[in-house]
Amino acid sequence: MLHRCITAFVGLCLCAGPVSAQKLDSLLARMTLDEKLGQLNLLSAAGENGRASNDQIALARAGKLGGLFNVIGAENTAQVQRVAVTESRLKIPLLFGLDVIHGYRTTFPIPLGEAASFDPEAAQATARAAGLEAAAAGISWTYAPMVDIARDPRWGRIAEGSGEDPYLGSLLAAARVRGFQENIFATVKHFAGYGAAEAGREYNETEISERTMREIYLPPFKAAVDAGVASLMSAFNDNAGVPSSGNAWLTDTVLRREWRFKGFVVSDWTSVAELIPHGVAGGPSEAGRRALTAGVDMDMQSSIYMDSLPALVRSGRIPMAVVDSAVMRILRAKQRLGLFKDPYRPRTAPAMDSTRALARRVAGESIVLLKNDGSTLPLDKNTSAIAVIGPLADNKPEPLGPWHTMGQPEDVVTVLAGIKAKVPATTQVMYAQGSGVEDTSTAGFAEAVAAAKQAKVAILVLGERGEMSGEAASRSMIGLPGVQEQLLEAVAATGTPVVLVLMNGRPLTIEWAAEHVPAIVETWFLGVEAGNATADVLFGDVNPSGRLPVTFPRSLGQIPIYYNHRNTGRPFGANNKFSSKYLDIPNTPRYPFGYGLSYTTFGYRDVKVTNPRIRATDTLVVSVTLTNTGSREGTEVAQLYVRDEVASVARPVRELKAFQRVTLKPNESRTLTLRVAAQDLGFYGLNMKRVVEPGAFRVYVGPSSAEGQEARFEVVR
Ligand code: GLC
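Residues numbered from 1 in each chain as written. Predicted model: local features only at pLDDT ≥ 70, side-chain atom pairs only at ≥ 80, totals over all residues. Heavy atoms only, no water.

J.: Describe the overall build of the protein chain, with residues and values.
T.: Looking only at helices and strands, the protein chain has 21 helices and 26 strands in total. Its C-alpha atoms give the protein chain a radius of gyration of 26 Å, near enough to 27 Å, the size a compact globule of 717 residues would have. Its C-alpha atoms put the protein chain at 75 × 65 × 45 Å along the principal axes. Accessible surface, the protein chain as shown: approximately 25,700 Å² in total, 50% of it carbon and sulfur. (Helix = DSSP H or I, 4+ residues; strand = E, 2+ residues; numbered from the N terminus. Rg over C-alpha atoms; globule rule 2.2 N^0.38 Å. Areas by Shrake-Rupley, 256 points an atom, 1.4 Å probe, with all protein chains shown as cover.)

Rendered as C-alpha cells:
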C-alpha cells in the first residue's frame, strides 16, 4: 500500500488511513439496504445541456445514487453534489465520471497515435493536462485509459488503445494512469479481451485462451493496477462463453486474489443487463446477482442493482456481506479522492496555450514517416507552388478523432492552415477538396488535377472520418473510403510529385499508394494541433520519430496479423510449398510493428550481451552503439526484442522487452544500455503457472520488429 501512496504522491494518495476506515465502517453500519445499493448505482446525466435530470437529483437526495457521469460543467456537478451532501440522510458525496479519452477541451492525438511516439512521459503529460482540465469542470473520474490490446484493424476501437503489444501497452497504461490520477480517478478498460472481437466485429464474442489472455491482454491492466489505478471497467464481450461483466475468474480470482487490487470495478454501460441477451441470466435479478457476486461493484446505467437486488438480498440469495464489500470499495474510493472532506474539489484549468504547445509537441512525435523515396520530404518552404488536396485537408472536425469529449472543431488547426502558416507569402498554396471521404462523387477531381498540374508538389490529405473508428465503428474493408484512392491516382497521373498524408483511426490497406506514391506520412487523428504538427514534419521543422504501435497489413486477408506471432511447425519457406503461407500474398505485412522512417538514417553496431548467462533473478544487460549516419539531427526508437528458442510452450518469434528514444546529431554515436529483468522473460507454462525457464535466447536490437542486430544469451538455473 505504501508504494501506491508514493506512486500517487503528487495527487491522489490511494491509501485510506486507519482512522478513515473506522469512520467508513460506522457509516456503513448506519446505511439502509437501499442506501447501500444506491452507492452501487451509476447513471448517465439525463437532463438538458449536460445536467442531471430531476429524477436523478431526487435519487441523490434519497441516497440512491453513487455517482453520475456525463454531467458537464462545474456548476452542474456542484448543483447535484450540494443535494447529495446537504439534503440526503447520510450526506455521502457523489462521483462524477466522464470519458476523457485523449483530452477534455484541449484534444491531443488519439491514443493509438500517441502510442506511436513510444514516449510514456508524453502520454503521462497529456493525461495530466486532460485530468486537470476535467477536474476544473467538476469531473472526479475518467473512463480512461482504454488499454485493450488490438490485433485486428477492422475493429474501430483500435483507435482508443495502444496497439498490439503488451509491453508498450503496459508502459503507456501506467503512464496515463499516473498522469490522470494527479487530479482525478482513472479507470482502465475494458476488462478484458474486448479487442479480440471475432472478425473485428464490434461487441462480438472472443475466443482467447488463458495463456494468451494472461500474456497478451491482461498485462496492461496489471501495469495499471500496479500504478495504483482507482477502478477498472468490465467489458461487453464474452470470452469462450463467459461474459466479462459476470466473470468471477477475471474480477475476483485474477483481479483481487492474484493482483490484490483494492479499488473498484464498474460495469460498462448496460453490460450488467446485457448478461440477459448473452444468455447467462434469465432476467434482471439473475443478471444483477451474477455481476455483483462476480465482483462488478458498480452498475453503470442499467439500474438493476438499485431496482432488482433489494429483494434478492432480503431473501438471502445475495449475502449482505457481498453488498457490504462492494459498498465499502466505493466509500473507500470516495475517501481516497478526498470527497468527504471537499466534495467540490475546485481546480483551475491549465492555460490553453500551454496545453496547445504540449498537443503540438506530442502530435509531432506521433507522426510516422512510412515512405520517403528520393527524399521527397521534407519539403522546401520556398517551393513556388503547393497543391493541398483532399477531403481532410481543410477539415476542422475530423482531426479531433472519434471521441473528443469537449474538444471543439473551432479549436482545430487544419492541415491546410498549418501549411499556409508554415510557408512564406511568396509560396502559392492552392486548395482543392477533390472528393468527399465516403461519397462516390468524382466531380471534384478536375479541380484537384488542375491544381496539381500547376504545383511543384501535391499534398493529399486522405483517410477516414473520425467516427469511422472508435466505438461501434468496425469496417469490413479498411482501404481508403469512397473514391479517395481514385482521387490519389488521378492526381499522381499528373506527374506532380505526391505526398500522401493519412488521417485515420486504424491501420489501412494502402497497397497502391505504397507502390506508387513517393512519400507517405501516417498522422492518425492528431487533435487541435493537427495542422501545425503535420506542417512541422512536412517542412522539416520536426524530424519524424513515430514508430508503428500496430501492424499495417497488405491485405484484409492477412488479418489478424501481428509481429509477436509463434513460429508454427511449418514456418514460411520460399521454396517450400508445404509451409505456412498464402498462394497470393507474402506473409509479411506492408509495414511492421515498430517501423518508422526519419529524415536522417541510423546505424546499429556492436550489440553485446554484457552477461550472456543469467539466472532468473538477474537482469539482462545489452549494449549497442547507435550512430546518426545521416545529415540531420533525429530521434531513433531503439527497440530490443527477445526470442526464447526452446521452451515447454511455443514462444513468439519476437517479443518487445525494452526501447529507448535517442536523439543524436549528425555523425554522433552513443552506446546505449538496455536492460531486461529475467523475470520479464517468463511465460505461463503447461500448468498455467508463470515460469522463467532456463535455456537459450536470442536478442535483437534495431529499428523495428522486422530487423535488428542479433546476439545470444542463456538463462541458467
Ligand atoms: C461506452 C463504452 C465505454 C464508456 C462507457 C461510458 O459504451 O464502451 O468505453 O466508458 O460506455 O460512456
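Now that the structure is up, let's keep going.
J.: Pulling in residues and values, what's your account of the packing of helix α16 (residues 352-366) against helix α21 (residues 530-538)?
T.: Viewed as axis vectors pointing N to C, α16 and α21 meet at an angle of 50°, and their least axial separation amounts to 8 Å. Between α16 and α21, the interaxial angle falls into the category oblique. Of the two possible hands of crossing, α16 and α21 adopt the one that is right-handed. Along its contact with α16, which presents Arg360, Ala363 and Gly364, the element α21 presents Asn532, Ala533, Asp536 and Val537. When grouped by side-chain class, the residues that make up the contact of α16 with α21 number 3 nonpolar, 2 polar and 2 charged. (Axes fitted to C-alpha atoms, helices over the stretch in contact; angles between N-to-C directions. Parallel < 35°, antiparallel > 145°, perpendicular 65-115°, else oblique. Left-handed = near helix turned anticlockwise from the far one by under 90°. Contact = heavy atoms within 4.5 Å. Nonpolar A, V, L, I, M, F, W, Y, C, P; charged D, E, K, R; others polar.)

J.: An account of the nonpolar core is needed here, citing residue identities and associated values.
T.: Trp141, Phe191, Val229, Leu232 and Tyr305 are the most contacted members of the largest nonpolar core, which has 94 residues in total. Ala159, Val388, Ala530 and Tyr599 belong to the second largest nonpolar core, which has 79 residues in total. (Core = buried A, V, L, I, M, F, W, Y, C linked by side-chain atoms within 4.5 Å. Buried < 20%, exposed > 50% of the residue type's maximum accessible area, 1.4 Å probe, protein only.)

J.: Which residues make up the site of the ligand, and what values do they have?
T.: Around the ligand, a shell composed of 13 residues is seen, among which Asp99, Arg157, Lys189, His190 and Asp268 lie nearest. Separating an oxygen atom of the ligand from a side-chain N or O atom of arginine 157 is a distance of 2.8 Å. One nitrogen or oxygen atom from the side chain of lysine 189 is found 2.8 Å from an oxygen atom belonging to the ligand. Coverage of the ligand by the protein chains reaches 93% of its 310 Å² of free accessible surface. Among the residues making up the shell around the ligand, the classes are represented as 7 nonpolar, 1 polar and 5 charged. (Near = heavy atom within 4 Å. Polar contact = N/O pair within 3.5 Å; in protein donor to acceptor, adjacent residues only side chain to side chain.)

J.: Kindly report on the pattern of salt bridges, identifying the contributing residues and their values.
T.: On inspection of all chains with the given rule, the structure shows 47 salt bridges. The partner of aspartate 252 in a salt bridge is arginine 257, and the shortest N-O contact between them spans 2.8 Å. The partner of aspartate 536 in a salt bridge is lysine 422, and the shortest N-O contact between them spans 2.6 Å. Of the two residues, aspartate 536 sits in helix α21 while lysine 422 sits in helix α17 (residues 415-422), which places them 114 residues apart along the sequence. A single salt-bridge network, built from bridges that share partners, covers Arg360, Lys381, Lys422, Asp536 and Asp541. (Salt bridge = Lys/Arg side-chain N within 4 Å of Asp/Glu carboxyl O.)

J.: So what's going on with the domain arrangement of the protein chain? Which residues, and what values?
T.: Annotation of the protein chain at the domain level lists domain 1 (362-558) and domain 2 (602-715). Domain 1 and domain 2 are separated by 34 Å when their C-alpha centres are compared. Taken together, the 6 residues of domain 1 in the interface contact 9 residues of domain 2. Of the roughly 580 Å² buried at the junction of domain 1 and domain 2 (both faces included), carbon and sulfur atoms supply 34%. The tally of links between domain 1 and domain 2 comes to 2 salt bridges. Residue arginine 547 is joined to glutamate 636 by a salt bridge in which the shortest nitrogen-to-oxygen separation is 2.6 Å. Put simply, domain 1 and domain 2 have 4 residue pairs in polar contact (both at pLDDT 80 or more) between them. Split into classes, the residues belonging to the side of domain 1 that touches domain 2 amount to 1 nonpolar, 3 polar and 2 charged. (Domains from an automatic or database assignment. Buried area = accessible area lost by both parts, 1.4 Å probe.)

J.: Tell me about unusual backbone geometry, and please be specific about residues and values.
T.: Among all residues save glycine, negative phi is the norm, and among peptide bonds the norm is trans. For the peptide bond that leads from alanine 144 to proline 145, omega is 5°, which places it in the cis range. Relative to the helices and strands, proline 145 resides in the loop between β4 (141-142) and α8 (166-180). Between isoleucine 559 and the following residue, proline 560, the backbone shows a cis peptide bond with an omega angle of 0°. As for its placement among the helices and strands, proline 560 is situated in the loop between α21 and β17 (602-609). Although it is not a glycine, glutamine 301 adopts a positive phi angle of roughly 75°. Residue position: glutamine 301 is located in the loop between β10 (299-300) and α14 (304-314). Using a relative accessible area of 24% as the deciding quantity, one classes glutamine 301 as partly exposed. The phi angle at arginine 345 is positive, at roughly 40°, despite the residue not being glycine. The residue arginine 345 is located in the loop between α15 (320-336) and α16 in this model.

J.: Give a detailed account of the sheet that holds strand β3 (residues 95-98), specifying residues and quantitative values.
T.: Taken together, 5 strands build an open sheet; the order of strands is β4-β3-β2-β1-β10 and the sheet is parallel. Of all the strands in the sheet, just β4 and β10 have a single pairing partner and so form its edges. Direction of pairing for strand β1 (residues 41-44) relative to β10: parallel, over a ladder of 2 bridges. Opposite leucine 42, over in β10, you have methionine 300 as the bridge partner. (Pairing = 2+ DSSP bridges.)

J.: Please give an account of α17 that cites residues and values.
T.: Turning to α17, its buried residues are Val415, Leu416, Gly418, Ile419 and Lys422. Each buried residue of α17 lies within a common arc of 165° when the element is viewed along its axis, so the set occupies one face. Elements in contact with the buried residues of α17: α16, β12 (385-389), β13 (428-432), β14 (457-463), β15 (498-503) and α21. (Arc of directions from axis to C-beta.)

J.: Account for the sheet that holds strand β26 (residues 707-715), naming residues and giving values.
T.: With mixed pairing, 5 strands are arranged side by side in an open sheet as β18-β26-β25-β20-β21. Single-partner strands in this sheet number two, and they are β18 (613-614) and β21 (655-664). Relative to β26, β18 runs parallel, the two sharing 2 bridges. In the sheet register, isoleucine 614 faces β26, and the bridge partner there is valine 715.

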